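A closer look at the structure
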Amino acid sequence: MTPQTLIVLAVTVAVAAFVQGGSGLGFALVVAPVAGILDPSLLPVFVLASMIPLNLYVAWRERASLDLRGARWITVARLAATPGGLALLWVIPDRSIGLYVGGATVAAALVSLAAPAFAPNRAAYVGAGVVTGLTETATGVGGPPLALVYQHRPPAELRSTVAACFLVGEVASLALLFATGRGHAADLGWALALLPAIAVGAWLSRVVHQRIDARRMRLFVLVFALVSGTVLIAGA
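My aim in this report is to walk through the structure given alongside it, one point at a time. (Residues numbered from 1 in each chain as written. Predicted model: local features only at pLDDT ≥ 70, side-chain atom pairs only at ≥ 80, totals over all residues. Heavy atoms only, no water.)

**Side note on the packing of helix α3 (residues 45–61) against helix α8 (residues 155–179)**
- Closest axis-to-axis distance for the α3/α8 pair is 8 Å, and the angle between their directions is 145°. The chirality of how α3 crosses α8 is left-handed. Of α8, the residues touching α3 (which contributes Val-45, Leu-48, Ala-49, Met-51, Ile-52, Asn-55, Leu-56, Val-58, Ala-59 and Arg-61) are Arg-159, Ser-160, Ala-163, Ala-164, Phe-166, Leu-167, Glu-170, Val-171, Ser-173, Leu-174, Leu-177 and Phe-178.
- The class makeup of the residues in the contact of α3 with α8 is 16 nonpolar, 3 polar and 3 charged. (Axes fitted to C-alpha atoms, helices over the stretch in contact; angles between N-to-C directions. Helix = DSSP H or I, 4+ residues; strand = E, 2+ residues; numbered from the N terminus. Left-handed = near helix turned anticlockwise from the far one by under 90°. Contact = heavy atoms within 4.5 Å. Nonpolar A, V, L, I, M, F, W, Y, C, P; charged D, E, K, R; others polar.)

Next comes the structure, spelled out in structure tokens:
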């Protein structure tokens, strides 16, 4: 990885940490397409590993707003679907991973933009958990299904619950990826190297997260996802 590539990735990670720390979603939507363009081999381990410290921080910061009932159903379903996400990685050729990440990113953003308001129930929690388990393990992108479930709930509830669900799921996905030979230590090394960038983004989100306009931030994330996902598909 060249110094220029590392700088671009560090800036992207810092922006993504700020976005997710403030709005509750967006880290993978921002980072995965850029990482796929710069170096497809970073997916999905680098994205998953980078999110662990961020989600640990956000879940602790807003633990008072955590939706325990929803988090339990989502986590159970997400863990059950994790092997299916691994199976997708075995089916998808390495050279085509960028195309699938771009397609998943664009599709998730379009669904998030178009979905009507609804009150989440157990079926919604389970469905979001299953889809997240599949897509996050295979591509590193799993936030949109959870954002859809909580998009009309208070921002603090969305941030804390999504972070807690991600935290458990990311550890499970990484464990399975490494146990089956799909994970590599170098990807963890890059995640560790960019911890300062994650810390900067997380700190900035702490400063503004209670004042930020969550709707505008969400729209920004989804528009960015559409653009970057389209670029990734075009370059695949």
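**Some remarks on the pattern of salt bridges**
- Overall, the coordinates contain 4 salt bridges when judged by the stated rule.
- We note a salt bridge from Arg-159 to Glu-62, for which the minimum N-O separation is 2.5 Å. A residue pair is termed long-range when its members are at least 10 positions apart, and Arg-159 in helix α8 and Glu-62 in the loop between α3 and α4 (68–91) qualify at 97 residues. Across this residue pair, the class does not change: Arg-159 and Glu-62 are buried.
- As a salt-bridge pair, Arg-78 and Glu-136 come within 2.6 Å of each other at their nearest N and O atoms. With Arg-78 in helix α4 and Glu-136 in helix α6 (residues 122–139), this pair connects stretches of sequence that are 58 residues apart. Per residue, the accessibility class of Arg-78 equals that of Glu-136, and both read buried.
- Through salt bridges with shared partners, one network takes in Arg-61, Glu-62 and Arg-159. (Salt bridge = Lys/Arg side-chain N within 4 Å of Asp/Glu carboxyl O. Buried < 20%, exposed > 50% of the residue type's maximum accessible area, 1.4 Å probe, protein only.)

**Points about α6**
- With 18 residues, α6 should reach 26 Å at 1.5 Å per residue; the first-to-last C-alpha distance of 25 Å fits that figure.
- Within the sequence span of α6, burial applies to Ala-124, Tyr-125, Ala-128, Gly-129, Thr-132, Gly-133, Glu-136, Thr-137, Ala-138 and Thr-139.
- Positive phi shows up at Gly-140, right after α6, with a value of about 90°. (Expected span 1.5 Å × (residues − 1).)

**Concerning the nonpolar core**
- Formed by 55 residues in total, the largest nonpolar core has its most connected members in Val-13, Phe-27, Val-31, Phe-46, Val-47, Leu-54 and Leu-146.
- Counting residues per element, this core draws most heavily on α3, at 9 residues.
- The contacts of Leu-54, once residues within four sequence positions are left out, are Ala-17, Gln-20, Phe-27, Ile-198 and Ala-202. (Core = buried A, V, L, I, M, F, W, Y, C linked by side-chain atoms within 4.5 Å.)

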